[in-house]
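Fold and geometry: a report
In case you want the letters, here they are:
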Amino acid sequence: MNNDTTAASSPAPHAWWWLRAHRALLPDYNLRASVYWWTMFCIGSATLLFAAWQVQALPWPVLLQIVAGGALAVVAGFFPVRIPGSRNSFVAGEVFIFLLLLIHGPWAAVMASAGEAFVGSYRSSKRWSSRLASPAISALAIALAGLLLLGARALIGEQAAHSAAVVLLTATGAAFIYFVLNTLLVSIVFTLKRAERFDARAFVASFGSIGIAYCGSALLAALLFLTVEQSGLGVLLGALPVLAMLLTTIHYFLRQQDAQETVRKSQAEAGERERAQMERHMSALHESERRFHSAFTHASIGMALVSFDGRVLQANESLTGMLGLANSHGLIDRRFEEMTVGDDHARLATALAPIKSGQSDTAAVELRFLHVGGAEIWVALACGLFTEPNSEAPCLIVQVQDISARRHAEAQLNHIAFHDGLTGLPNRSRFHAMLTQALEVLAIDDSRHFAVMFLDFDRFKLINDSMGHSAGDAFLIQVSRRLHDHVRPGDVVARLGGDEFAVLANQLSNEGEATGLAERLQAVLREPMTIGGVSVSTSASIGITFSRLGYTRPEEMLRDADIAMYRAKAAGKARHALFDSHLHREVAERMQLEGDLRQAIADGALDVAYQPLFDLAAGRLIGFEALARWNHPQRGMVPPVTFIPVAEEAGLIVDLTDLVMARACAQVRQWQERSPALSELKLQVNLSSADLAHAALFERVDRILRRTRLAPRLLTLELSENILMQRVEGVIATLESLRRLGVSLAIDDFGTGYSSLSYLANLPIDSLKIDRSFVHGMRKGSKNAEIVRAIVSLGATLGKSVVAEGIETVSQLAQLRELGCEHGQGFHLSRPLTVEQAEALLDCLLAELTELTEHASPSSFDTGLMPLVRH
Ligand code: C2E
Ligand code: CA
Ligand code: CA
């Protein structure tokens, strides 16, 4: 750094050290404190210098005395005598300073005082600001006090001043002034530094005792001075060691005292603190205990403290009230589990086990308690670990809530959900659940075999229809009571719906027990019962299946019992049938078939066969009947009599009909387009009962016709007589709308059903297809021939065309023609054909037609056609 540049920005070199000294000495002093400090330091230093100047001029024996006195003052500074009960101390050095003041005047005292103050502040403070200010202020204070003393003496006069009383008084006064000045001037430093206002009261209060110590020192010095004046300095020399010893002894004694006092005090304080803390703790404990007991006693929920070994230690009013007790006396020391009902104590033990083993702090369980009156009450227990303030062993705190109302409501809801409203028997859901449980038990214990019976009353529909619903209900109630009363204990009777009942026959040692039960039940049910004053007898068909067949699902078991029941019904009612392995295989096969059929329909893998239909009189092909064909990948051709019922039961028939109808319509439309001679080719399609019931039948037919562009008047829908009669009322509107569209309707298998003539006249039907069984048995004069004749004439009367099916022989054909039957089909005329075969037939026909047209011989058209199409 260069001097020129620093000269411009920094103070001049002579001021530089002063500033550095200032910063080092008083870094934290504000301006006023700094000014004051420096003023005191300068005046004090000047006083000290002046005093030194005065003293050095004295003769050397005097100088020696002053040095000795100063040294003593300094040494004494190392042994401050603490003033008991205060933080201030009396310094024996002051005695020598006052002695010097009395003997050799203020300047000697200034030297000693500055020395003593320096040593004292050096020991008590690390800061040079204190170490320098203390001696400077001391020097100034003692100088002023000394000068005042000299002034006072001069005022009083030399003679009087030496009287003992005046010496004592003036010395004390000087000491007082010295003390006040010294402490005041020092205090001002701190007051200014902290920028506080000077508090005279606090000043007096804090320095009072030390002021008295100063005065004491001054008195001692005055006494020594008087002694010296009378007996010479020798006395002082003799007294000095005694004084030193005395002061030292007092110093150490007091220090020891002080140390002991400090220890005692800190012990006492620690004790006091501990005691206060303990008191606080205890009062908090008492408070929490009081609160706990109040909460426990007045809780609206039942509460008990239970020991680990299960004894009731305490119980509140809510709990005793819940149990119907007047007070808790009857409960105390009783075993808690004694309150539970039946085997609920085991559930309690299970619930509490995790707490007792330390695995958990809480547990909850719902169980039944016994009320004094003998009733059961449902309670929810919430248990937790609890340690009583006055005992080390933890116990259980148990909260008990009465949940009887909730349980009761739940039980009611449960009963409603799982019981039949009419008979009170378990319903289908409940039976299903019980069956599930029985199967689960069997899976664990293979000796627990059981049977399921499916019961269906043979005449319930009759009773319901003829006697009314309330009679039907009364009947169901009576039979359900009979069933319930005659099964074995442990068996379950359920009402599945309608007149269907089921029995779960538990714990079978052999199957004969189940069939024996079925026979007993049938015997009981056969006994006549009175309903609405009328004696009614009934019977039931019962299907039985056994758990040993290896069921895993309850619905499979019910299904098989149901199948067996149908077999019983089919075998002539009022009997029972067993679901055996044969039936089981049948069912399994049927299930398989159903799955395969579903897939085939979804894939469009069914085919259609076309059986030609002829105008019998003209010998002319008029159209085809579409027949579904299923070529099963493994089984080969499956006949419609097998798969159509499967499709009907599995709900697949609507899709099947749509598939056949759409394909056949498109096919026939395509054939019609081959030649104008084929443009009037007809198509007959079979419908099943589900199609008739289907709400969108009209839309389905309409959509297919539009899509394939087949003229509606060329389509005939065949409905079997049975189907039609079952559903007649509901379907007439649909049939009429189909008729309006132009579609024709035929009754298939006519003669096998029970259609009454009145119905027949009103049905929107175009043709009757005589069932092939009648055609088969036709011999001249036979009964069947008469039936066919009757049907033909009926058709003529009603204005409906008649079709004969199943024509297998020439004679049948001849007879039908003779009877005037309009149309016909049959193996004799043509078997159902594949598309290719049908096309070959059509080709043939068209070729012949051309030939015939060329030769213009209509008679050969009549006769020559039929043999050609025979395959
Ligand atoms: P159906 O409607 O009475 O059909 C005529 C049945 O008689 C056809 O049997 C046919 O092959 C057979 N048949 C024709 N001519 C003769 C004959 O001279 N002698 C003998 N013994 N039988 C003859 P298929 O094809 O086995 O059909 C059986 C039944 O299956 C049909 O009886 C019909 O009720 C039903 N069916 C066939 N295809 C369909 C269909 O697409 N939908 C519906 N719903 N049922 C169909
Ligand atoms: Ca048919
Ligand atoms: Ca038929």
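Residues numbered from 1 in each chain as written. Chains lettered and ligands numbered in written order. Predicted model: local features only at pLDDT ≥ 70, side-chain atom pairs only at ≥ 80, totals over all residues. Heavy atoms only, no water.

What follows covers the confidence of the model for the chain. Chain-level pLDDT for the chain is 86 on average; 93% of the residues reach the 70-or-more range. Segment residues 1-10 is flagged for pLDDT under 50; beyond a separation of four residues in sequence, or across chains, it makes one contact in the model. The low-confidence segment residues 857-871 (pLDDT under 50) makes 32 contacts with residues lying over four places distant or belonging to another chain. (pLDDT = per-residue confidence, 0-100. Contact = heavy atoms within 4.5 Å.)

Along a regular strand, successive side chains alternate from one face of the sheet to the other. For strand β19 (residues 715-720), a buried count of six out of six residues is recorded, marking the element as mostly surrounded by other parts of the structure. Residues L715, L717 and L719 line one face of β19 and the alternating positions T716, E718 and S720 line the opposite face, and both faces are buried. As paired elements, strand β18 (residues 682-687) and β19 share five bridges and run parallel to each other. Directly across from L683, in β19, lies its bridge partner L715. (Buried < 20%, exposed > 50% of the residue type's maximum accessible area, 1.4 Å probe, protein only. Helix = DSSP H or I, 4+ residues; strand = E, 2+ residues; numbered from the N terminus. Pairing = 2+ DSSP bridges.)

We now examine the coordination of the calcium ion (ligand 2). Coordination of the calcium ion (ligand 2) by the protein is provided by E625 (OE), N686 (OD1), E718 (OE) and D748 (OD), with metal-donor distances spanning 2.1 to 2.3 Å. Here the donor residues of the calcium ion (ligand 2) share one chain and are spaced in sequence as E-x60-N-x31-E-x29-D. Between the calcium ion (ligand 2) and the calcium ion (ligand 3), a spacing of 4.2 Å is present, and a bridge between the two is formed by D748. One end of the pair, N686, is in strand β18; the other, D748, is in strand β20 (residues 744-750), and 62 residues separate them in sequence. Given a relative accessible area of 26%, N686 falls into the partly exposed group. (Donors = N, O, S within 2.8 Å, 3.2 Å for Na, K, Ca; no water.)

This part covers the pairing of strand β15 (residues 607-615). β15 sits mainly inside the fold: eight of its nine residues count as buried. Where β15 lies against strand β16 (residues 620-632), nine bridges are found, and the strand directions are antiparallel. Each residue of the ladder has a partner; that of V608, found in β16, is A628. The antiparallel pairing of β15 with β16 creates a hairpin that spans four residues between the two strands, and G619 there sits at a positive phi of about 65°.

Close contacts around ligand 1 come from 21 residues, with R629, D748, R772, E808 and F827 the closest. The contact in question runs from an oxygen atom of ligand 1 to an N or O atom on the side chain of N686, over 3.0 Å. In the environment of ligand 1, a nitrogen atom lies 2.5 Å from a nitrogen or oxygen atom belonging to the side chain of E808. Burial of ligand 1 by the surrounding chains reaches 86%, relative to a free accessible area of 790 Å². Where the shell around ligand 1 is concerned, the elements lending two or more residues are β16, α21 (640-649), β18 and β20. Looking at the shell around ligand 1 element by element, the count peaks at four residues for β16. Its residues placed into classes, the shell around ligand 1 shows nine nonpolar, five polar and seven charged. (Near = heavy atom within 4 Å. Polar contact = N/O pair within 3.5 Å; in protein donor to acceptor, adjacent residues only side chain to side chain. Areas by Shrake-Rupley, 256 points an atom, 1.4 Å probe, with all protein chains shown as cover. Nonpolar A, V, L, I, M, F, W, Y, C, P; charged D, E, K, R; others polar.)

Another aspect to go through is the coordination of the calcium ion (ligand 3). Within the protein, D748 (OD), D749 (OD), E805 (OE) and E805 (OE) serve as the donor atoms for the calcium ion (ligand 3), at 2.1 to 2.6 Å. In terms of primary sequence, the donors binding the calcium ion (ligand 3) are separated according to D-D-x55-E. For D749, a relative accessible area of 25% gives the class partly exposed.

Turning to helix α15 (residues 428-444), a few remarks are in order. With 17 residues, α15 extends 25 Å from end C-alpha to end C-alpha; this agrees with the ideal 24 Å at 1.5 Å per step. Those residues of α15 not exposed but buried are F431, M434, L435, A438, L439 and L442. When α15 is viewed along its axis, its buried side chains cluster within an angular range of 140° and face the same direction. Across from the buried face of α15, at angles greater than 90 degrees, the exposed residues are A443 and I444. Where α15 is buried, its residues meet β8 (451-457), β9 (492-497), β10 (500-505) and α19 (554-570). You can read the cap of α15 off the contacts: a side-chain oxygen lies 3.2 Å from the backbone nitrogen of S429, and it is on N427. (Expected span 1.5 Å × (residues − 1). Arc of directions from axis to C-beta.)

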